[in-house]
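# Inside the fold
Letter by letter, the chains look like this.
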Amino acid sequence: MGSYTKQDIRRMIEEEDVEFIRLQFTDLFGSLKNIAVTTSQLDRILENRISFDGASIQGFVGIEDSDLFLHPDLDTFCIFPWRPQHGKVARFICDVYYADQTPFEGDPRFILKKILAQAEEMGYRFDVGPECEFFLFHTDDEGRPTTMTHENAGYFDVAPVDFGENARRDMVLTLEDMGYVVEASHHEEAPAQHEIDFRYDEALRTADGVMTARLAIKAIAKRHGLHASFMPKPKSGVSGSGLHLNLSLSKGGMNVFYDASDEHHLSREGYWFIGGIMKHIRAITAVTNPLVNSYKRLVPGYEAPVYIAWSVTNRSPLIRIPALDGEGRRIELRNPDSASNPYLVLAVCLAAGLDGIRNQIMPPKAVEGNIFEMTEEERMKQEIRCLPESLREAVCELEQDAFICGVLGEHVTRQFISAKKKEWEEYRCSVSSWEIDRYLARI
């Protein structure tokens, strides 16, 4: 991917024998949507005249004013490597607009762009390196996903123990064909669990990349007869899948978070950024961990963070500072999961960090010990709070944080909270197999 003009797009479509174009956008809850058209409609695409029924997308608009338009970001043009090589399929990632050419306030990409503009006004560039975790499961005879796997591999295992090595290799090569830089990939802790790590990039491109990765990973997995799942905790008794985010700010090409004279090699802005995130994290968790299932991952014993603390290199707190100095100094946020909407996640994280910088919010002292091994009394002494333990608790925290609600905007806040309360109520009223197994025969 690069910086493209309309003339560039026309030339590439002709030279590459592109027949279909997908116009992609992301809904409020992190699901990728698209409209597919043939290249005969290219003029309409480039003139922003492709519309859709916004009332058909949960959380967008009502039927009384439902016409929304897709404005393609030309720089996101790429060809799907896994599609036919004759009559190829390409895509644009689009922004969503009203008919009067004003941005739709419920478009997650628009919300991230707003916060990035605020950072730019302060002189900052926001870069993010995501670590995408997922499971590769078998499908049944009808091609439907299961949670079955025949492997028992763990961290960094290789074939033949790692059954998914060939599929993961094809995923990485596909993503690199699409213009993304993959720094590393490996088998994760749980059987059938994998991780692909991207090189840090500007936040909007990173969010686009996460959405693209989910699509590509699922497509390649299907080619291998597997189902790729980004469900945070698909199986009990093993680790869940996260989306660790490596966050950095730069100004004038220099890393803002690095200060060689500090004991932790962190600048004032670095401390304040951490302080801002920690101040708002209980509300942010509704966005970074948006499902009922997300909170099955955020429990002690499976490496996912539970406690609101930060440390240098120590992996038990919510935030850690990896052992890299200079331009590599960054902040790793460990609680986001693989089901979250990356546009909204990066928007609220950046906004909270900037709030910390503006108001010079200092975090508490770094915690160097293993928090999971501390007693409750030791944690209380250090004033270490917990992340929300359920979606309901997280949504309540979001409702009470006027700043984060302001970042999301009135429309998104209302729609998001309403949907998540409904999800929680449906979960609360359902009867699980655990309850049946535990109680039916005994009572």
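Residues numbered from 1 in each chain as written. Predicted model: local features only at pLDDT ≥ 70, side-chain atom pairs only at ≥ 80, totals over all residues. Heavy atoms only, no water.

### Side note on the confidence of the model for the protein
For the protein, per-residue confidence averages 93 on the pLDDT scale, and 98% of positions sit at 70 or higher. By mean pLDDT, helix H9 (residues 376-381) is the weakest element of the protein at 82, and helix H8 (residues 342-358) is the strongest at 98. (pLDDT = per-residue confidence, 0-100. Helix = DSSP H or I, 4+ residues; strand = E, 2+ residues; numbered from the N terminus.)

### Some remarks on a nonpolar patch on the surface
A cluster of nonpolar side chains, Val-431, Ile-436 and Leu-440, forms an exposed patch at the surface whose accessible area comes to about 310 Å². Of the residues examined, Val-431 reaches a relative accessible area of 60% and is grouped as exposed. (Patch = residues over 30% accessible without salt bridge, like charges linked within 9 Å, V, L, I, M, F, W, Y side chains within 5 Å. Areas by Shrake-Rupley, 256 points an atom, 1.4 Å probe, with all protein chains shown as cover. Salt bridge = Lys/Arg side-chain N within 4 Å of Asp/Glu carboxyl O. Buried < 20%, exposed > 50% of the residue type's maximum accessible area, 1.4 Å probe, protein only.)

### Observations concerning a negative patch on the surface
There is a patch of like negative charges on the surface, built from Asp-53, Asp-65, Asp-67 and Asp-100. Along the chain, Asp-100 falls in the loop between strand S5 (88-98) and helix H3 (108-121). (Lys, Arg positive; Asp, Glu negative; His and termini not counted. Charge placed at Lys NZ, Arg CZ, Asp CG, Glu CD.)

### A few points about the sheet that holds strand S2 (residues 32-38)
Taken in spatial order, the five strands line up as S2-S1-S5-S4-S3 in an open sheet, and their pairing is mixed. Because the sheet does not close on itself, it has two edges, and the strands there are S2 and strand S3 (50-53). For this sheet, the mean inter-axis angle between neighbouring strands, taken without regard to orientation, is 40°. Across the sheet, H3 touches strand S1 (18-26), strand S4 (67-79) and S5, and the angle it forms with S5 is around 70°. Relative to the sheet, helix H5 (residues 203-223) contacts S1, S2, S4 and S5, its axis offset from that of S5 by approximately 135°. (Pairing = 2+ DSSP bridges. Axes fitted to C-alpha atoms, helices over the stretch in contact; angles between N-to-C directions. Contact = heavy atoms within 4.5 Å.)

### Let's talk about the nonpolar core
Judged by nonpolar contacts, the single largest core of 97 residues is most densely connected at Phe-126, Phe-273 and Trp-310. Broken down by element, this core gets its largest block of residues, 12 residues, from H8. Counting 26 residues, the second-largest nonpolar core is a separate cluster that includes Met-12, Leu-23, Leu-68 and Phe-104. (Core = buried A, V, L, I, M, F, W, Y, C linked by side-chain atoms within 4.5 Å.)

### Here we look at the environment of Arg-223
As for its placement among the helices and strands, Arg-223 is situated in helix H5. With near-sequence residues (within four places) excluded, Arg-223 lies in contact with Trp-82 and Arg-83.

### A look at H3
If you check H3, its first and last C-alpha atoms are 20 Å apart, about what 14 residues at 1.5 Å a residue would give, namely 20 Å. Among the residues of H3, those classed as buried are Pro-108, Arg-109, Ile-111, Leu-112, Ile-115, Leu-116 and Ala-119. Along the axis of H3, the buried positions cluster into a sector of 160°, meaning they face one direction only. Residues of H3 that are exposed and point more than 90 degrees away from the buried face comprise Glu-120 and Glu-121. (Expected span 1.5 Å × (residues − 1). Arc of directions from axis to C-beta.)

### Some points on the packing of H8 against helix H11 (residues 402-429)
When two helices pack together, their arrangement is captured by the angle between the axes and the distance separating the axes. Close contact between H8 and H11 brings their axes to 10 Å; oriented N to C, the two are set at 130°. Relative to H11, the element H8 is oriented oblique. Handedness of the crossing formed by H8 with H11: right-handed. Contact residues: H8 offers Leu-344, Ala-347, Val-348, Ala-351, Ala-352 and Asp-355, while H11 offers Phe-403, Ile-404, Val-407 and Leu-408. Among the residues making up the contact of H8 with H11, the classes are represented as nine nonpolar, no polar and one charged. (Parallel < 35°, antiparallel > 145°, perpendicular 65-115°, else oblique. Left-handed = near helix turned anticlockwise from the far one by under 90°. Nonpolar A, V, L, I, M, F, W, Y, C, P; charged D, E, K, R; others polar.)

### Overview of the packing of H5 against H8
H8 packs onto H5 with a crossing angle of 150° between their chain directions and a minimal axis gap of 9 Å. Judged by the angle between their axes, H5 and H8 are roughly antiparallel. Crossing handedness for the pair H5 and H8: right-handed. Contact residues: Ala-203, Leu-204, Thr-206, Ala-207, Asp-208, Val-210, Met-211 and Arg-214 in H5; Pro-342, Tyr-343 and Leu-346 in H8. Considering only residue class, the contact of H5 with H8 consists of eight nonpolar, one polar and two charged.

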